[in-house]
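Given next are the chains, with one letter for each unit.
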Amino acid sequence: MTARARLLLLLAAAAVIAAFFAAACTELPPFGTASHPYGERAVAAALAHRTANVVSSVNFDIRAFDTLGEESMLFGTVLGATLLLRRARDERHHRAEAGRVLPTTRLFGSLLLPVTLVVGVYIVAHGQLSPGGGFQGGVVLATALHLAYVAADHRALRRLRPLTVLDVTDCAAAASFTLVGLATLAAGGAFLQNMLPLGTFNRITSGGTVPLLNAAVGVEVATGLIVLIAHFLDQAVELTDPEEHRKERQ
Amino acid sequence: MNDWLIGLALAFTVATATVAVLTRDPAKQAVVLSALGLGLAVLFAVLQAPDVALSQLAVGTALTPLLILLTVRKISRHRAPDEHDEEQR
């Protein structure tokens, strides 16, 4: 296809989308009004199940099945990346050398690492109460660990990160979401129905299954992303291709 | 006041998104993408969606640029090992 034909195809498709999008937008309620029909119903449903964070209630209670799909998608992504980025037969493994780090960077990293880890755990643990939750806290935990790489080097990061344990934890956390759903089925409810005691509103134990599913997602996201970054880091830092050996030998 | 904040965040997001598209070097693009992620996080926060803002901040500003930079490093070393060796020295 020539560049001109491609441009014409793009313009034709863009015109169709623009027309329908503009027509759909005329039916939208105006920006920033006080009436939120969906929001009001979601808040009522969240309060009925004593979950203070309405977003977590939507994610892990009202639309828990949706979240199962998203969680599986992330799990599949990590699995696929692990498979693609594994050490190939002709790739050589070089131990990363100890890196030199500025003393200020080292101080900054070692002070910030425990603080960010605590913040990550807090965001996961309070997902049912305040903004945040398993996904957000999990990403914070995963990125926090890599401050060790910034503050020291790859070897320090390796000691902090037992990959085999993390792999198994990732799988177990991904499976536990489905297991909670199967448990609710076995107890006579619907799949992932919120059947646990709801507790007292605005306490860390409130919300029934919400904190459980939230914690499962938190562990899964944190471990999955650490494994994902580990494979990317190994490829970038430690593994070399056969072509590079030849060049090194010359 | 709030409308101004929304407008400002929106303008910043549009500007950084345009710069991200116009930047050709992937390594520089990752940095611009990080700024775009920050702009989006601020936009979500002023639109009263703190949960989405947190996700955006963690994924858009930290994780995605990191993965892009690691990939760029691997690929550029593959293409021009001599240049990279000199950088290390």
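## A word on the overall build of chain A
1) Next: Secondary structure summary: chain A contains 11 helices and two strands in total.
2) Next: Sequence-ordered secondary structure for chain A, helices as α and strands as β, is α-α-α-α-β-α-α-α-α-α-α-β-α.
3) Next: Taken against the 2.2 N^0.38 rule, which gives 18 Å for 250 residues, the C-alpha radius of gyration of chain A at 24 Å runs more than 25% over that of a compact globule.
4) Next: For chain A, the C-alpha atoms occupy an extent of roughly 70 × 60 × 40 Å along the three principal directions.
5) Next: Relative to its full complement of 250 residues, chain A shows a buried share of 32%.
6) Next: In chain A, once contacts between residues fewer than 6 apart in sequence are set aside, the share between residues at least 24 apart is 73%.

## A closer look at the nonpolar core
1) Next: By size, the foremost hydrophobic cluster in this structure holds 55 residues, and its most contacted members are A:Ala142, A:Leu213, A:Leu225, A:Ile226 and A:Ile229.
2) Next: Looking at this core, the elements with two or more residues in it are helix H4 (64-84), helix H5 (103-125), helix H6 (134-145), helix H7 (147-151), helix H9 (163-186) and helix H10 (209-238) of chain A together with helix H2 (26-46) and helix H3 (50-79) of chain B.
3) Next: It is H10(A) that provides the largest number of residues to this core, a total of 17 residues.
4) Next: Apart from residues lying up to four places away in sequence, A:Ile226 is in contact with A:Ala142, A:Leu145, A:Arg161 and A:Leu166.

## Here we look at the interface of chain A and chain B
1) Next: Between chain A and chain B, the residue contacts involve 18 residues of the former and 16 residues of the latter.
2) Next: Residue assignment for the side of chain A that touches chain B shows that the elements contributing at least two residues are H6, H10 and helix H11 (242-249) of chain A.
3) Next: Looking at which element gives the most residues to the side of chain A that touches chain B, the answer is H10(A), with six residues.
4) Next: For the side of chain A that touches chain B, a count of residues per class yields 10 nonpolar, five polar and three charged.

## Topic: the environment of B:Ile75
1) Next: For B:Ile75, the position within the fold is in helix H3.
2) Next: In sequence terms B:Ile75 and B:Ser34 are 41 residues apart; their C-alpha atoms lie 20 Å from each other.

## Quick word on the confidence of the model for chain B
Residue and element names in this part refer to chain B.
1) Next: Averaged over all residues, the pLDDT of chain B equals 86, while 85% of them reach at least 70.
2) Next: The low-confidence segment residues 83-89, where pLDDT is below 50, has two contacts with residues more than four positions distant or belonging to other chains.
3) Next: Complex prediction metrics read pTM 0.86 and ipTM 0.82.

## Considering the packing of H6(A) against H10(A)
Residues and elements named next belong to chain A.
1) Next: In contact at an axis separation of 7 Å, H6 and H10 are set at 35° when each is read in the N-to-C sense. In this structure, the crossing between H6 and H10 has a hand that is right-handed. Within the contact between the two elements, H6 uses Gly 134, Phe 135, Gly 137, Gly 138, Val 139, Leu 141, Ala 142 and Leu 145 and H10 uses Asn 214, Ala 215, Val 217, Gly 218, Val 221, Ala 222, Leu 225, Ile 226 and Ile 229.
2) Next: Partitioning the contact of H6 with H10 into residue classes produces 12 nonpolar, five polar and no charged.

Here is what the cut-offs are and how they apply
- Residues numbered from 1 in each chain as written.
- Chains lettered and ligands numbered in written order.
- Predicted model: local features only at pLDDT ≥ 70, side-chain atom pairs only at ≥ 80, totals over all residues.
- Helix = DSSP H or I, 4+ residues; strand = E, 2+ residues; numbered from the N terminus.
- Rg over C-alpha atoms; globule rule 2.2 N^0.38 Å.
- Buried ≥ 20, exposed ≤ 12 C-beta atoms within 10 Å, placed from the backbone.
- Contact = placed C-beta atoms within 7 Å.
- Core = buried A, V, L, I, M, F, W, Y, C linked by C-beta atoms within 7 Å.
- Nonpolar A, V, L, I, M, F, W, Y, C, P; charged D, E, K, R; others polar.
- pLDDT = per-residue confidence, 0-100.
- Axes fitted to C-alpha atoms, helices over the stretch in contact; angles between N-to-C directions.
- Left-handed = near helix turned anticlockwise from the far one by under 90°.

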